[in-house]
Structures are given as C-alpha cells and as structure tokens.
Amino acid sequence: MKDIICPKCHSVFNIDQAGFAEIVKQVRNSEFEKDINEKMTAAEKDKQSTVALTEASLKNKYESELSKKDQEISLLRAENENKIRESLLEREKQLTELQAKLNNVETEKTLAVTQAVGSLEKECNTLKNALLTKDLEKENLESNLRQQMQAEETRYLGIIQYKDEEIKQVKDMKMKLSTKMVGESLELHCENEFNKIRAAAFPRAEFSKDNDASSGSKGDYIYREYDENKVEILSIMFEMKNESEGSSSKKKNEDFLKELDKDRREKKCEYAVLVSMLEADSDLYNAGIVDVSYRFDKMYVIRPQFFIPIITLLRNAALNSLSYKQELAKIRNQNVDITNFEERLTNFQEGFSKNYLSASAHFEQAIKEIDASIAKMHKVKSELLTSANQLRLANDKAQDLTIKKLTHNNPTMKAKFEEESTVGKPRKRKS
C-alpha cells in the first residue's frame, strides 16, 4: 500500500498496487494525450510555418520564373510580331506580284481567245468564200457542160438525120439502078454535095473527074486546093465504089486499094480516099472513117455520108501546115534540098490526121465521160454541202468557246487558274 497525497485538497489516502497502476495509467494516458496534443499542435504550427515558408519560397520562385517567362514571352512576342509583320509585307508583295501576273494572264488569255476566235472566224470566212466560189464554179461548169452537151446533141442529131437521109437516098437508088448506074449515081451524089458548099467552104478548090487514063488507069475525082500564091494546100484522089442490092458480084473494098494507091502516086495527089458502099454489113467500115495507111500510105475508106467531113478534116490539117508549105515553096524556088523538111512535114500531117481520126472515133466515149463528169460534179456538190455543215459546226464551237472548256482535262492549267483566282482574297490570321 502506498500513501497518495491529493495535489488539490492535500488529503492523504491509501491505494493498492492495482489502483496505483490504474491511476498511473490514467495519469500517463492524460499526460501522453496532452503531450501528444502539444506535440501535434507544435507540429501543426511547424507544418503551417513550413508550409507558409515553402509557399512563400515557391511563390517567390514562381513569381521570379513567371517574371522571366513574361519577359521571354514579351521578347518572343515582339520578335514574332516583327516576323509576322515582315511576312505580311512579303505576302503583300507576293500578292501584288501575283495580282500583276494574274492581270497579265487575263490579258494574255483574252488576247489568245480573241486571236483564236479571230483566226477561226477568218478561216470560216475563207472557207465560206471558197465554198461560194466552188458553187459558182460548179454552176458555171454545169451550165457550160449543159450548153456543150446541147450543142453536141444538136450537131449529132443533125449528123444522124443527115446520115439517115443519105442511107435512105442510097437505098432508094440501089432499088432502082443497075450496078453501073449505082456507081455513076454515087459519083454524082458526091459531086453535088461538094458543089452545094463549094463557094462558101472551098472557094479556091478544084474538084473534077480524072480524065487522064494515059497510065492505063484513072481515078474518079481529084480534089486540089491552092492558096493565094498558088501554093498547093491539099490534093486528094477519090474513088467511088457501089453495087446494087441484087448484084451477084460481091466486091470488097480491099480489091480497089492497090489500084487507088497507084492512081494517087501517078497523079501526084497527097491523099487517097475510097468512097464505098461495098461490104454494107461490115462493122469496121460502118463505124466511120477508116484509116488504111498501114496498108497504103495516106489512104482512107469512108461511107458517102463522110465525104464532106473527110475533105474538111484533111483540109484543116493542111491549113495548119500551110506555113510550112509556103516556106517549102520558097525553098524549092531557091533550089534548096528540102528532103528532111518534107519528111518532118509529112510526119506532122500524118500524126495530126491520125490524132484527129482517133478523136473522132472516140467521140462517143467522150460523151460518156462528160456524163460521168456531171455525175462527179453532183458528188462534189454533195461533198461541198457536207463541208458547209462541218464549217457551221466549227463556227458554233468557236462561238461556244470558254476558258473552262479550254482548261478541260488540263490539270496544270486548271490548277494555275484556281491558284490565280485565290490571289487578292483576304486570308485568316492565326492568333
């Protein structure tokens, strides 16, 4: 047991070990809690003081750093503003240059389009004028061809009518006359035909019967023509052969060619012509003028209806060579050797005669070719009309020409125009 004095009332009381322990425990707990509280209070104060100091230190530190950052931001801001200002000035300069380029491009574009359209319009006008010219040429050609065809048709109708009349007359004579009389009537017919146009067509020509039989034979008629200086232009030995329809002695033209050539040479005639009604069914002799110079030089076989045409044909060829003959006469008067000259003249006459006869034989083919030419001109007209339609379409396209269509399917030009179209528009600035 121990004595315990109360600190308040100073009373003394006894307490056992357990009670003492309890009291100690209570005292200890109270003191401990007090001590703990005091320590906690002190610690809290220390903490708050430390926190305040730390906050003050951090605040000072952060304020210092913030001040530095503000200064750096101010410097950066000033630097950026200068850069932005310089960039803006550069951009404005670039915008000005691009605007100038755009203006130049617009000017060039307008000029190019104007030139292109002008070129197309000029080409269209040229083609239109050419088309009009072709139309006029075509119309003139068609008109000339029609006139030529009408003239040729009229001429050939006259020839055909003349031929029909001749055939009719010859058939009538064949029915009435004997073989000898038919021959004499053919001679008389040819003489009458010549005399009808002698004064107008052959004023200086001689056409008379060959009465000189001193060489043992003679032709029927001799044609000779001279110029005003008595220079011979043309000479022809004519032989007329015919037979009646009922004659039993059928002769051929070839039977008389050799004798006719002999008469031509003896009478010094330049040409020999057999006017024949023999071999009436022969396609060769019925076709027209037949050149038999491959057998006998300068010889022709004709039907009666070609009597005047053969004279005209040979006479025209002779007139073309008249200047040579006149010169030849002068040279002969001067006793100059003209063998080579005469050969060239003969070759010229033969060539001209063959060409003329060939052209006459193919005249019907020429008519067919004229018809073909007319058909071809109609085809040309159709082609020209098609060309006119194409020109109209080209003109419509030129009128419908735009910049958008010019840059269609051209990415480079499209991007360029889009870029140029944005120049001058205000841009949003980043804050």
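Just so you know, the residues in each chain are numbered from 1, in the order the chain's sequence is written. Predicted model: local features are reported for residues with pLDDT of at least 70 only, side-chain atom pairs are reported and counted for 80 or more only, and whole-chain, interface and lining totals are derived from all residues. The side-chain figures draw on all heavy atoms in the structure; neither hydrogens nor water molecules are used.

Chemist: Help me out: how do you make sense of the overall build of the protein in this one?
Modeler: The helix and strand inventory of the protein stands at ten helices and eight strands. Exposure categories follow from relative accessible area, calculated using a 1.4 Å probe and restricted to protein chains: below 20% of the type maximum is buried, above 50% is exposed, and the middle band is partly exposed. Here the protein, with 431 residues, has 26% of them falling under the buried criterion. Note on contacts: a residue pair qualifies if any of its non-hydrogen atoms lie within 4.5 Å across the two residues. Sequence separation of 24 or more characterises 61% of the internal contacts of the protein that already satisfy a separation of 6 or more. Here the Shrake-Rupley method, with its probe set to 1.4 Å, supplies the accessible areas, and only the displayed protein chains count as covering residues. Total accessible area computed for the protein in this model is approximately 30,200 Å², and 53% of it derives from carbon and sulfur atoms. Only DSSP runs of H or I reaching four residues or more are called helices, and only runs of E reaching two or more are called strands; each is numbered from the N terminus.

Chemist: Which parts of the structure should I look at to understand the packing of aromatic side chains?
Modeler: Two rings from Phe, Tyr or Trp (for Trp, the six-membered ring) form a pair when their centres sit within 6.5 Å of each other. Planes less than 30 degrees apart are called stacked, planes more than 60 degrees apart edge-to-face, and all others tilted. This model, assessed by the stated rule, comprises nine aromatic pairs. Each ring, one from Phe194 and one from Tyr223, has its centre 5.8 Å from the other, and the planes form 85°; the classification is edge-to-face. Here Phe194, found in helix α2 (residues 179-201), pairs with Tyr223, found in strand β4 (residues 221-226); they are 29 residues apart in sequence, far enough to count as distant. Neither residue differs from the other here; Phe194 and Tyr223 are each classed as buried. Relative to Tyr300, the ring of Tyr271 has its centre 6.4 Å away and its plane inclined at 35°; by these criteria the two rings are tilted. On the criterion of sequence distance, the pair formed by Tyr271 in strand β6 (residues 271-276) and Tyr300 in strand β8 (residues 299-302) is long-range, its members being 29 residues apart. Comparing Tyr271 with Tyr300, the two get one shared label, buried. Pairwise contacts between aromatic rings join Phe194, Phe202, Phe207, Tyr221, Tyr223, Phe238 and Phe307 into one cluster. Whether a charge sits over a ring depends on NZ of Lys or CZ of Arg being within 6 Å of the ring centre and within 35 degrees of the ring normal. Over the face of the ring belonging to Tyr271 we find Lys298, whose NZ or CZ atom lies 5.5 Å from the ring centre.

Chemist: Teacher, can you tell me more about the nonpolar core here?
Modeler: Side chains of nonpolar character tend, in soluble globular proteins, to be buried together. Within the largest apolar cluster, 27 residues are counted, with the highest numbers of intra-cluster contacts made by Tyr223, Ile236, Phe238, Phe307, Ile310 and Ile311. Among the elements of the structure, α2, β3 (205-209), β4, β5 (232-241), β6, β8 and α5 (307-320) are those that each provide at least two residues to this core. Among the elements that line this core, the one with the most residues is α5, at seven residues. Sequence-distant contacts of Tyr223, defined by excluding residues within four places in its chain, comprise Phe194, Phe202, Ala205, Glu206, Phe207, Leu234, Ser235, Ile236, Phe238, Ile311 and Arg315. To qualify as a nonpolar core, a set must consist of buried Ala, Val, Leu, Ile, Met, Phe, Trp, Tyr and Cys residues joined through side-chain atoms within 4.5 Å. Listed in part, the 13 residues of the second largest apolar core include Leu260, Ala272, Val290 and Val301.

Chemist: Help me understand the environment of Arg198, please; the structure alone is not making it clear to me.
Modeler: Within the element layout of this structure, Arg198 appears in helix α2. Residue Arg198 is classed as partly exposed on the basis of its relative accessible area of 25%. The contact partners of Arg198, leaving out residues within four places of it in the chain, are Pro203, Ala205, Glu206 and Phe207.

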